[in-house]
Structure formats: C-alpha cells, structure tokens
Amino acid sequence: MKRRYTTIALLLLTCAVPSLAAENDQDWPQWRGPHRDGKSSATGLISNWEEKQPKLLWMAEGLGEGYASVSIVGNDLYTTGNFSDGQGVVCFDLDSKKVAWKQLLTPQAPKHGYPGSRCTPTVDGEDLYVEMSEGTVARLNRKSGDVIWKRNLQEEYGASLPTWGFAESPLIDGDRLICGAGSSKALLVCLDKKTGNEIWVTPRGEADLGEKGKDEAGYSSTLVCNAAGKKQYVKLIGRGLIGVDATTGDLLWSYNGVANGTANIPDPVIDGDYIFASTGYQTGAALVHLKNVGGKIEAEEVYFLDPKTFQNHHGGMIKVGDYIYAGTKHNSGFPICVEMKTGKVMWGGDFRPEGKGSAAILYADGNLIYRYQSGTLALVEANPNEYVLKGTLTPEFQEKESWSHPVIVDGKLYLREQDKLMCYDLRP
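All figures in this text were calculated on a predicted structure; none of them were measured in a lab.

1. Quick word on the layout of surface pockets
Point 1. What the largest pocket holds in volume is close to 630 Å³.
Point 2. Along the walls of the largest pocket sit 31 residues, with R118, Y219, I265, H314 and W403 positioned nearest its centre.
Point 3. In the lining of the largest pocket, the residues fall into 13 nonpolar, 14 polar and four charged.

As structure tokens, this is what we get:
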C-alpha cells in the first residue's frame, strides 16, 4: 500500500557521490557533472537571456549520430556516436575545434529504437570509461583512444538489450567500475577499473523485486551514497530502485513503486537516508526512506505522487536546497518545483515556455537551463516561491530530438546535436 504523509521530519545528510579528479574546478568529467547531480559550479554567467542572449562562438561536427552528452577535462571533450562503420568514442580538441581521435568499439552501429549512442564517457585520470548501446563496457587511454580492455553485458552477464539500447555512463568509485545489467545473473556488475576483472556481481537470487517493470538494466546510471549507515550503490533498473552493498554486492533493498513496463529513465535524487525517484509513462514519483532495522536495510515509502502531480519522463531532476526541480508530464517537460521532504508542489506542472517535448535540465549560478526536445532552451530561476522565466534561446542548429544534456564549462554552454557541437558564450 502506498502511504502518503502530509508532514514528516527529515534529517537530510550529505550524499557521498564520488567526485572524479579534474584539471580545474569547472571540468565536467562524467555524466551530469563532477557529482552526477546536474549542477555546475560556474558563476558570473548571463543572468537574464531576455536582456542579453548567449552568443554562438562556434559550431563543429564529427561527433557521430547519437543522444549522448559530453564530458570535458581541460581542452579535451569526449562523447560517443554512431558512424558508418560502427559505434565508438570521440575525442574532440576544443582548441583546434576538430576531432583528435575516434575509436570504434562495435563492428557496426547497434540496432535498437532511436538509433544512436547514449553513454557520456567517464574520465578518470588518464583513462576513459564507456558503455556502448549494445552492452560493451570498455576502458580506453583518453589521450590516444587505445582500448585497454572491454567486456559485454549481454554476452557475459545475460543482460537483455533494452528497447532503446543500454544508456548507462559507468560509475568509477575508487578502484572500481560499476554498471547495471539488470539480469538474473547480475543486477549490478562491479569490475576492477584497471584490469576489467570481475570483483562481484549482484545476482537476483530469490529476491522479490515486484511485479511492475521488466527484467533489464533500465536507462539510468548508478549512484553511490551512504544511507542507513551503509555505503551502497543505487540504481533505477527495469524493476525499480535497488540498493547494493558496495563491499559485497549483496542486494540490500528494492522498491518497485516507480517502475513501469516501458522505460525507467531518470537518475534518482539521493539525500542522506532519503531517495526521490520518478518515471514517466503515467507512473509518478516517490520518496523512500532507508532505515537500518536490526542490521537489515528497509526502504519505506514516505509518499507517492500520482502521474498527474509529478512524473519525469526523462531529462533528469535536480535538487537545489530543499527542492526538486524538473520537467513533468509525459513527454512534456512542464517546469515544476517540489518540496522534497513533503512532496508539496510549490509551482508549475501546467505551463512551459516555447519548447516542446521533454526537457533535459542543468543548474548553474542560481538558474536552471531547460533544453527541450524541440531544441529551445529556457532559463528559469531556481526559486521555490515562484516560477520566473528569464528568457529563451533558439539554437543555431536543430536535428531530430534534442535529448543530449547541456553542459557548462568555463563560462561556455556546450550543446551536442547529433553529429554537431555548438558552443555558446554565457559570460556577460
């Protein structure tokens, strides 16, 4: 039974999401930034796009076909894409504005719905870690593109190919790489990041993961946190939320309430012992509280929001202060602000600016950037008291669905649009 509490007392702790080493504090070394939370540390940006529009500095090509975002360390930008001879990784030199190297990891472009790459590469020192949309996981030298090792989730762990392909960006935590397979043999897989050797897997065993959803990896990426006194890896898979012991790989808990049978996509938001999760396809959202009861961790539902109130299709959610900001309604991206501890909608959910479709979201310098499927970007103040639209931007180029998440580094906004890359100046 779903339980909804109108008032709850929360002691929200800091989530221990690992930050990867970066060459400066504004690098973007992995999916959704240094802390995997969609937040940029950039300051001094244009605060109102109605008063001053971001200027297009340049546009280049050579990234391949795909919806992956980009990672940036120093002058090197990395992404993944489909090419005529396979799917692979691209290193783009931001000085020359040209592709420095390309390394194919599959013999042909994987076949699945909405063809194209999904994975944003993870930079760790001199290494680069990626996952291809057919399940190949690999370590590359980030300077040369040379492949050091690679493994395949379908072939080795019995993972089924999701309808729209594998979409995870591998998590690097210390000496380990963690990603999801979603199979009975391995819900999560933990590998030695240097050798690719298996450290542990999380078998489904006799665990009852619930009736909703399906047995697959899902489309989210793995997060790490300390909750209920236990370091664990958390991921939204095809059967909903799971938490896995970081040391042993044992399944600690699961929550099926936000799963659906089509696609479970957004990364959850973790804050101490509490996890907020949502999916689209008329599912909804929930806050769960992790408790240590006699050494066993239990996931207690605090509240559940029906899909008319909140559902994040894809594009992600961002916590700023005590509030969750996101797009809601299936394939709509209506801006919304929800108080995390109570589920109270502060504003939004029934209006949006000019854009159409779901929206990828990014936070920087007190504002949120919504990038809509139709290409339009909107600047919205991260203000829980009222919705404040501070202008929109129509990019120079738009093709297919603009699903690639925007990135801000060194005062510049990077927009990947299939094979092309646009760079806008956000400095006043």
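2. Overview of the environment of L187
Point 1. Following the sequence through the fold, L187 ends up in the loop between β12 (176-180) and β13 (188-192).
Point 2. Note: C-alpha distance between L187 and T80 (107 residues apart in sequence) is 24 Å.
Point 3. Apart from residues no more than four positions distant in its own chain, L187 is found in contact with G180, A181, G182, T202, P203, R204, L209, I237, I242 and L251.

3. Some thoughts on the sheet that holds strand β25 (residues 334-339)
Point 1. Taken together, four strands build an open sheet; the order of strands is β23-β24-β25-β26 and the sheet is antiparallel. What marks the edges here is a single partner per strand, and that holds for β23 (317-320) and β26 (345-348). Here the average twist between neighbouring strands, direction ignored, is 20°.
Point 2. By the bridge criterion, six bridges tie strand β24 (residues 323-328) to β25 in an arrangement that is antiparallel. Note that in β25 the partner of A326 across the bridge is I336.

4. Focus on empty space enclosed by the protein
Point 1. The tally for this structure, following the rule as stated, stands at three cavities of 30 Å³ or more.
Point 2. One number sums up the size of the largest cavity: a volume of about 70 Å³.
Point 3. Considering the residues around the largest cavity, the lining is formed by 13 residues, among which W28, R32, G38, H405 and P406 are closest to the centre.
Point 4. In this structure, the second largest cavity encloses a volume near 60 Å³.
Point 5. Lining the second largest cavity are L45, I46, W49, A364, D365, N367, I369, L379 and L426.
Point 6. Each residue belonging to the lining of the second largest cavity can be placed in one class, and the counts come to seven nonpolar, one polar and one charged.

5. Digging into the sheet that holds strand β19 (residues 269-271)
Point 1. With respect to topology, four strands assemble into an open sheet ordered β19-β20-β21-β22, the strand pairing being antiparallel. Every interior strand has two partners, whereas the edge strands, β19 and β22 (296-305), have only one. Mean inter-strand twist for the sheet, computed between neighbouring axes without regard to direction, equals 20°.
Point 2. Across three bridges, the pairing between β19 and strand β20 (residues 274-279) is antiparallel. Paired with V269 across the strands is F276, a residue of β20.

6. So, the nonpolar core
Generally speaking, soluble globular proteins have nonpolar side chains that are buried together.
Point 1. Counting residues in each nonpolar core, the largest one holds 32 residues, and the members touching the most others are I408 and Y414.
Point 2. Looking at this core, the elements that each hand over two or more residues are β2 (55-61), β4 (76-83), β5 (86-93), β27 (359-364), β29 (377-381), β31 (407-409), β32 (412-417) and β33 (420-425).
Point 3. Of the residues forming this core, the biggest block, four residues, is contributed by β33.
Point 4. Here Y414 is in contact with W58, V70, I72, L77, L94, P406, V407, V409, L421, M422 and C423, once residues within four sequence places are set aside.
Point 5. Judged by nonpolar contacts, the second largest core, of 19 residues, contains L223, W253, Y255 and A286.

7. Side note on the side chain of E401
Point 1. On the secondary structure map, E401 appears in the loop between β30 (389-393) and β31.
Point 2. Put simply, E401 is tucked away with no salt bridge, and the nearest opposite charge, on K400, sits 6.4 Å away.
Point 3. Within polar-contact distance, the side chain of E401 engages the side chain of Y67 at 2.6 Å.
Point 4. When residues no more than four places from it in sequence are discounted, the contact partners of E401 are Y67, Y114, Q373 and E417.

The rules behind each value
- Residues numbered from 1 in each chain as written.
- Predicted model: local features only at pLDDT ≥ 70, side-chain atom pairs only at ≥ 80, totals over all residues.
- Heavy atoms only, no water.
- 1 Å grid on protein atoms, 1.4 Å probe; cavity = no way out; pocket = protein on both sides within 12 Å on 5 of 7 lines; lining within 4 Å.
- Points joined across faces, edges and corners; volume = space filled by probe spheres on them.
- Nonpolar A, V, L, I, M, F, W, Y, C, P; charged D, E, K, R; others polar.
- Helix = DSSP H or I, 4+ residues; strand = E, 2+ residues; numbered from the N terminus.
- Contact = heavy atoms within 4.5 Å.
- Pairing = 2+ DSSP bridges.
- Axes fitted to C-alpha atoms, helices over the stretch in contact; angles between N-to-C directions.
- Core = buried A, V, L, I, M, F, W, Y, C linked by side-chain atoms within 4.5 Å.
- Buried < 20%, exposed > 50% of the residue type's maximum accessible area, 1.4 Å probe, protein only.
- Lys, Arg positive; Asp, Glu negative; His and termini not counted.
- Salt bridge = Lys/Arg side-chain N within 4 Å of Asp/Glu carboxyl O.
- Polar contact = N/O pair within 3.5 Å; in protein donor to acceptor, adjacent residues only side chain to side chain.

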